[in-house]
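# Chain and residue survey
Residue strings, one per chain:
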Amino acid sequence: MKIKCAVIDDFQGVAESLADWSRVGSRVDVRFLRGHEPNPERLAERIGDCGIVVAMRERTPFREELLARLPNLRLLVTSGMRNASIDLDAAARQGVTVCGTPSASHPTAELTWALLLGLARHVVPENAALRTGGPWQQTIGTDLHGRRLGVIGLGKIGSRVARVGAAFGMDVVAWSPALTDERAAEAGARRLPALDDLLETSDFVTVHVKGGERTRGLLGADELRRMRPSAYLINTSRASVVDQDALADALREGRIAGAGVDVYDIEPLPEHHEYRTLPNLLATPHLGYVTQDNYRGYFAGALEDIEAFLAGEPVRVLN
């Protein structure tokens with residue numbers, strides 16, 4: 001009898017075409033689920049017969065409650081090599097192997113610049129006015145050359161963003177708790193000793209730290225008040241790093257010029273969420289990792305994980 005496998009949260013309906021699933025067709029019955037199911041009980045009804053589940057990033061949390069409803073599950077594959085929404089300990093206790101896939105850092109860095117440039121040059125309102133016959137040239141853009149870019153977190157993604165900023169002729173500064181002068185210099189940046197220094201002096205602030213308890217609420221109401229009224233904030237990292245209510249207040253009250261956001265506490269974003277209506281917020285639906293090459297790596301990697309698991313030699317094991 002074939003093992004049943006569900007590839008869930010396939011929003012764009014592309015998972016089947018981005019890997020050669022026929023390689024496991026003799027042993028695995030694979031089905032692809034496009035719609036997101038936030039209710040654990042209803043999701044368990046849809047995938048409860050599966051021994052293998054392929055999950056896309058953090059779209060569906062696999063906490064102990066959901067895992068307990070999946071007694072047949074033996075292999076859980078997540079795209080990427082880190083997923084804070086999976087309870088790895090609960091999975092291990094239940095005998096579920098959790099494996100990751102290759103993942104690239106450049107797509108999120110690229111989207112960061114799409115948001116930053118979109119804000120600086122008012123691309124969305126100008127495009128909307130052009131399409132609807134509105135005023136011609138109704139805004140004045142903000143220059144990047146000579147302005148200060150503050151990068152919070154200088155890992156793989158933050159370093160890429162910093163180097164692009166330097167190429168634009170920006171004054172790039174960076175901060176993170178363990179950052180050294182040498183590491184900052186490698187990315188074309190200067191280390192600032194305190195986060196407050198970065199917030200108070202930067203024209204653009206971009207967030208690239210890992211999610212978790214250490215960074216939860218790193219930018220709250222007090223920190224946002226330290227930013228300049230003309231400054232912009234970009235967050236393509238994790239929603240938990242920036243207090244969402246505090247950011248909405250700052251935008252609504254005009255205490256910062258604008259923000260570009262790709263990550264949210266609740267995804268998909270609720271229909272009547274305030275973020276959908278703030279005119280100085282440029283928001284995208286968590287597209288940081290959503291590119292053709294990254295998706296190919298995800299699903300090809302998932303297929304490799306399944307083949308290795310079936311062979312009794314799982315790879316990229318996370319738990």
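Residues numbered from 1 in each chain as written. Predicted model: local features only at pLDDT ≥ 70, side-chain atom pairs only at ≥ 80, totals over all residues. Heavy atoms only, no water.

As recorded by an unreviewed UniProt entry, the protein carries the name D-2-hydroxyacid dehydrogenase family protein and is attributed to Actinomadura logoneensis. In its Sequence similarities (unreviewed entry) section, UniProt records this for the protein: "Belongs to the D-isomer specific 2-hydroxyacid dehydrogenase family." (UniProt positions renumbered as here; feature names shortened; annotations may be inferred.)

Looking only at helices and strands, one finds 11 helices and 12 strands in the protein. Relative to the 2.2 N^0.38 estimate, which gives 20 Å for 319 residues, the radius of gyration of the protein is 21 Å and therefore close to what a compact globule would have. Dimensions of the protein, computed from the C-alpha atoms along their principal axes, are close to 65 × 50 × 30 Å. For the protein, buried positions account for 47% of its 319 residues. Sequence separation of 24 or more characterises 63% of the internal contacts of the protein that already satisfy a separation of 6 or more. For the protein, the accessible area works out to roughly 15500 Å², and carbon and sulfur atoms hold 50% of it. Here the protein contributes 37 positively and 42 negatively charged side chains, and the mean placements of these two sets differ by 3 Å. (Helix = DSSP H or I, 4+ residues; strand = E, 2+ residues; numbered from the N terminus. Rg over C-alpha atoms; globule rule 2.2 N^0.38 Å. Buried < 20%, exposed > 50% of the residue type's maximum accessible area, 1.4 Å probe, protein only. Contact = heavy atoms within 4.5 Å. Areas by Shrake-Rupley, 256 points an atom, 1.4 Å probe, with all protein chains shown as cover. Lys, Arg positive; Asp, Glu negative; His and termini not counted. Charge placed at Lys NZ, Arg CZ, Asp CG, Glu CD.)

Taken in spatial order, the 5 strands of this open sheet run β2-β1-β3-β4-β5, and their pairing is parallel. Each edge of the open sheet is held by one strand with a lone partner, namely β2 (28–32) and β5 (97–99). Each strand axis lies, on average, 15° off the axis of its neighbour in the sheet, ignoring direction. As judged from the 5 bridges shared by strand β1 (residues 3–7) and β2, these two strands associate in the parallel manner. Bridged to I3 within β2 is V28. (Pairing = 2+ DSSP bridges. Axes fitted to C-alpha atoms, helices over the stretch in contact; angles between N-to-C directions.)

Across all of its chains, the model carries 23 salt bridges by this definition. A salt bridge links E37 to R42; the nearest nitrogen and oxygen atoms lie 3.3 Å apart. Taking the relative accessible area as the measure of exposure, R42 reaches 45% and is therefore partly exposed. A salt bridge links R226 to E200, with the nearest nitrogen and oxygen atoms 2.7 Å apart. Taken together, the residues span a long stretch of sequence, with R226 in the loop between α9 (221–225) and β10 (232–235) and E200 in helix α8 (residues 195–201) at a distance of 26 residues. In this structure R226 comes out as partly exposed when scored by relative accessible area, which is 37%. Taking the relative accessible area as the measure of exposure, E200 reaches 33% and is therefore partly exposed. The structure contains a network of salt bridges with shared partners spanning K4, R31 and D49. (Salt bridge = Lys/Arg side-chain N within 4 Å of Asp/Glu carboxyl O.)

Let us now look at the UniProt feature "domain: D-isomer specific 2-hydroxyacid dehydrogenase NAD-binding" (unreviewed entry) in the protein. Here the UniProt-annotated "domain: D-isomer specific 2-hydroxyacid dehydrogenase NAD-binding" (unreviewed entry) positions come out as residues 114–288. Annotation note: span residues 114–288, helix share 32%, strand share 15%, distance between end C-alpha atoms 10 Å.

Our next topic: the packing of aromatic side chains. Aromatic rings in a pair are described by how distant their centres are and how their planes are angled relative to each other. Applying the stated criterion across every chain yields a total of 7 aromatic pairs. Measuring from ring centre to ring centre gives 5.6 Å for W21 and F32, while their planes differ by 75°; the resulting arrangement is edge-to-face. Taken as a pair, W21 in the loop between β1 and β2 and F32 in strand β2 lie far apart in primary sequence, 11 residues in all. Here F32 falls in the partly exposed class, since its relative accessible area comes to 22%. Residues W113 and F168 carry aromatic rings whose centres are separated by 5.3 Å and whose planes lie at 40° to one another, so their mutual orientation is tilted. With W113 in helix α4 (residues 106–120) and F168 in the loop between α6 (156–167) and β7 (171–175), this residue pair connects regions lying 55 residues apart in the sequence. Judged by its relative accessible area of 34%, F168 is partly exposed. (Phe/Tyr/Trp six-rings, centres within 6.5 Å; stacked < 30°, edge-to-face > 60°.)

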